[in-house]
Amino acid sequence: MTDRAGHPIAVWTGDLLWPRDLAEAPIIDARAVTSLGVWVHGWLRQRPDVIVLAGEALRGRLAGLGVRCYADLDEIQHGSVGVSASERALLWGDA
Amino acid sequence: MRLLIVEDEDAIRTAFARALATGGTEVRTAASLTEARQVAADFHPEALLSDLKLPDGSGLDFASECGVPFILMSGYAAFDDAVAALRMGCVDFFTKPVAIKDLRRALERLNHRLRSDGLQVVEAGAAGLVRVQAASVGLVRGGFTCRTLVWADAAQAQARYDEIQGILPGEAGRVVVAELLQALPAGRLVINRGEGWMTLWLDGAVDWHGLEAERRAGIEAAAERVIWRGDGVLVECSDD
């Protein structure tokens, strides 16, 4: 699956409360995720350039971690830098 | 009564299983603690007969994990071992070789305790939670369900989570239980589940301000109330 620009999209669904293998792509469609465990924070931290599509509650939570989040594909602005690498490191507590 | 026998010597294990599977007692066996935990996950024993020293650990430690009445046996028992076992609630302690008739008498006493004992209050101070002594599943007096989840590694933690899916009150409950089970590599989680509410006690010291700070935030976001203590954490959830 890809967006209109041809960027691959990985779709996550259901309950992700326990560590498991996750599909990877530059864009993650997590709009069908019902529960997200804290373990996913580490997964996202290792992939700082990933973009996540999510519902409102999950967007709020992931945005607080420095993850680029959008409600749908049309909102994605490829190439723009929402959070710099140093700002992301500060948010993650890695600075 | 569901009886789990843990004994690494094949001949003894077989003989005990054959002799004790009478009068309504259902028996399962295991030759090691690893096997015993696998059997217990499905069988949910109400009582335990175990060797004290097993190839992969202590029968006394396993009995503590199970939280059911237990009898221990040992060919190498010292007085201190027997005292430690009895302090942990052991119904009886035998030095091998042990006669079948003595085991049967001990199991009769154990069965009597099983049928007459009810709830045991643990951590009655701040937590006030109840752990069922006689059984680990099922509805008990007071109209609420008690479960004690014990795990020794991540795989067991997830297995415990899968076992109790049916009693978790919605997404908030699932999030809280999953995060608590992942907060410690090995631990014990006591759950009291009633009409519209659930209270949990995670027994153990977690560095909630360090690596687990995000997990703490996740639990607080999902729960109604959380009390953080040095020796554990109390969490209250509702079905709303």
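Everything numeric here is computed off the predicted structure, so don't read it as measured data.

Quick notes on the rules
- Residues numbered from 1 in each chain as written.
- Chains lettered and ligands numbered in written order.
- Predicted model: local features only at pLDDT ≥ 70, side-chain atom pairs only at ≥ 80, totals over all residues.
- Heavy atoms only, no water.
- Helix = DSSP H or I, 4+ residues; strand = E, 2+ residues; numbered from the N terminus.
- Contact = heavy atoms within 4.5 Å.
- Areas by Shrake-Rupley, 256 points an atom, 1.4 Å probe, with all protein chains shown as cover.
- Pairing = 2+ DSSP bridges.
- Right-handed = clockwise from strand over helix to strand, strands pointing away.
- Buried area = accessible area lost by both parts, 1.4 Å probe.
- Salt bridge = Lys/Arg side-chain N within 4 Å of Asp/Glu carboxyl O.
- Nonpolar A, V, L, I, M, F, W, Y, C, P; charged D, E, K, R; others polar.
- Core = buried A, V, L, I, M, F, W, Y, C linked by side-chain atoms within 4.5 Å.
- Buried < 20%, exposed > 50% of the residue type's maximum accessible area, 1.4 Å probe, protein only.
- Axes fitted to C-alpha atoms, helices over the stretch in contact; angles between N-to-C directions.
- Arc of directions from axis to C-beta.

Topic: the overall build of chain B
Phase 1 of the analysis: When its secondary structure is counted, chain B shows 8 helices and 15 strands.
Phase 2 of the analysis: Considering only contacts within chain B whose residues lie at least 6 apart along the sequence, 52% involve residues at least 24 apart.
Phase 3 of the analysis: Looking at chain B as shown, the accessible area adds up to about 11000 Å², and 50% of this sits on carbon and sulfur atoms.

Examining the pairing of strand β2 (residues 26-30) of chain B
Residues and elements named next belong to chain B.
Phase 1 of the analysis: With 5 bridges connecting them, strand β1 (residues 2-6) and β2 associate as parallel partners. Following the sheet pairing, Leu3 is matched in β2 by Val27.
Phase 2 of the analysis: At this point the chain moves from β1, through helix α1 (residues 10-20), to the parallel β2, and the crossover so formed is right-handed.

Focus on the interface of chain A and chain B
Interfaces are often sized by the amount of accessible area the parts lose when they come together.
Phase 1 of the analysis: The partner chain B presents 13 residues to the 13 residues of chain A that form the contact.
Phase 2 of the analysis: The contact between chain A and chain B buries some 1000 Å² in all, and 52% of this surface belongs to carbon and sulfur atoms.
Phase 3 of the analysis: The largest contributions to the chain A side of the interface with chain B come from Leu17(A), Trp18(A) and Val38(A), which together make up 64% of the buried area.
Phase 4 of the analysis: Counting the contacts that link chain A with chain B gives 2 salt bridges.
Phase 5 of the analysis: Across the pair Arg45(A) and Glu214(B) runs a salt bridge whose closest N-O atoms are separated by 2.9 Å.
Phase 6 of the analysis: Residue assignment for the side of chain A that touches chain B shows that the elements contributing at least two residues are β2 (27-36) and α1 (39-45) of chain A.
Phase 7 of the analysis: Per element, the largest residue contribution to the side of chain A that touches chain B is 3 residues, and it comes from α1(A).
Phase 8 of the analysis: Here the residues of the side of chain A that touches chain B are counted per class, giving 7 nonpolar, 4 polar and 2 charged.

Some points on the nonpolar core
Within soluble globular proteins, side chains that are nonpolar generally end up buried alongside one another.
Phase 1 of the analysis: Val177(B), Leu180(B), Leu181(B), Leu189(B), Leu200(B), Leu202(B) and Val235(B) are the most contacted members of the largest nonpolar core, which has 29 residues in total.
Phase 2 of the analysis: Put simply, the parts of the chain that give this core at least two residues each are β11 (144-151), α6 (154-163), α7 (170-183), β12 (187-194), β13 (197-203) and β15 (232-238) of chain B.
Phase 3 of the analysis: Not counting the four nearest positions on each side in its chain, Leu181(B) is found in contact with Trp18(A), Leu149(B), Trp151(B), Ala157(B), Tyr161(B) and Leu189(B).

Here we look at the sheet that holds β2(A)
All names here are of chain A.
Phase 1 of the analysis: Spatially, 4 strands are ordered β1-β2-β3-β4 in an open sheet, and the strand pairing comes out parallel. Sheet topology places β1 (9-16) and β4 (68-70) at the edges, where each strand pairs with a single neighbour. Averaged over all pairs of adjacent strands, the angle between strand axes in this sheet comes to 30°, irrespective of strand direction.
Phase 2 of the analysis: Where β2 lies against strand β3 (residues 51-53), 3 bridges are found, and the strand directions are parallel. Bridge pairing in β3 links Ile27 to Ile51.

Quick word on unusual backbone geometry
Residues and elements named next belong to chain B.
Phase 1 of the analysis: For the bond running from Lys96 to Pro97, omega is 0°, close enough to zero to count as cis.
Phase 2 of the analysis: Turning to its location among the elements, Pro97 is positioned in the loop between β7 (92-95) and α5 (100-116).
Phase 3 of the analysis: Unusually for a residue other than glycine, His44 sits at a positive phi of about 50°.
Phase 4 of the analysis: Examined against the element boundaries, His44 turns out to sit in the loop between α2 (33-43) and β3 (47-51).

Brief notes about helix α8 (residues 213-222) of chain B
For an α-helix, 3.6 residues make a turn, and residues three or four places apart therefore share a direction.
All names here are of chain B.
Phase 1 of the analysis: Restricting attention to buried positions, one finds in α8 the residues Arg215, Arg216, Gly218 and Ile219. Buried residues of α8 fall within an arc of 160° about the axis and therefore sit on the same side.
Phase 2 of the analysis: Buried residues in α8 make contact with α7, β14 (225-229) and β15.

Points about the sheet that holds strand β6 (residues 70-74) of chain B
Residue and element names in this part refer to chain B.
Phase 1 of the analysis: The 5 strands are arranged β2-β1-β3-β6-β7 in an open sheet whose pairing can be described as parallel. Here the strands that pair on one side only, and so sit at the sheet edges, are β2 and β7. Strand-to-strand, the axes of this sheet are offset by a mean angle of 15°, without reference to chain direction.
Phase 2 of the analysis: Taken together, the 4 bridges between β1 and β3 define a ladder with parallel strand orientation. Looking at β3, one finds that Leu4 is bridged to Leu48.
Phase 3 of the analysis: α1 contacts β1, β2, β3 and β6 of the sheet and is inclined by roughly 170° relative to β2.

Comments concerning the pattern of salt bridges
All names here are of chain B.
Phase 1 of the analysis: With the rule as written, the count across this model stands at 16 salt bridges over all chains.
Phase 2 of the analysis: In this structure, Glu236 and Arg225 form a salt bridge, with 2.9 Å as the shortest nitrogen-oxygen distance. Of the two residues, Glu236 is situated in strand β15 and Arg225 in strand β14; the sequence distance between them amounts to 11 residues.
Phase 3 of the analysis: Residue Arg225 is classed as partly exposed on the basis of its relative accessible area, which comes to 43%.
Phase 4 of the analysis: Through salt bridges that share partners, Glu7, Asp51 and Lys96 make up one connected network.

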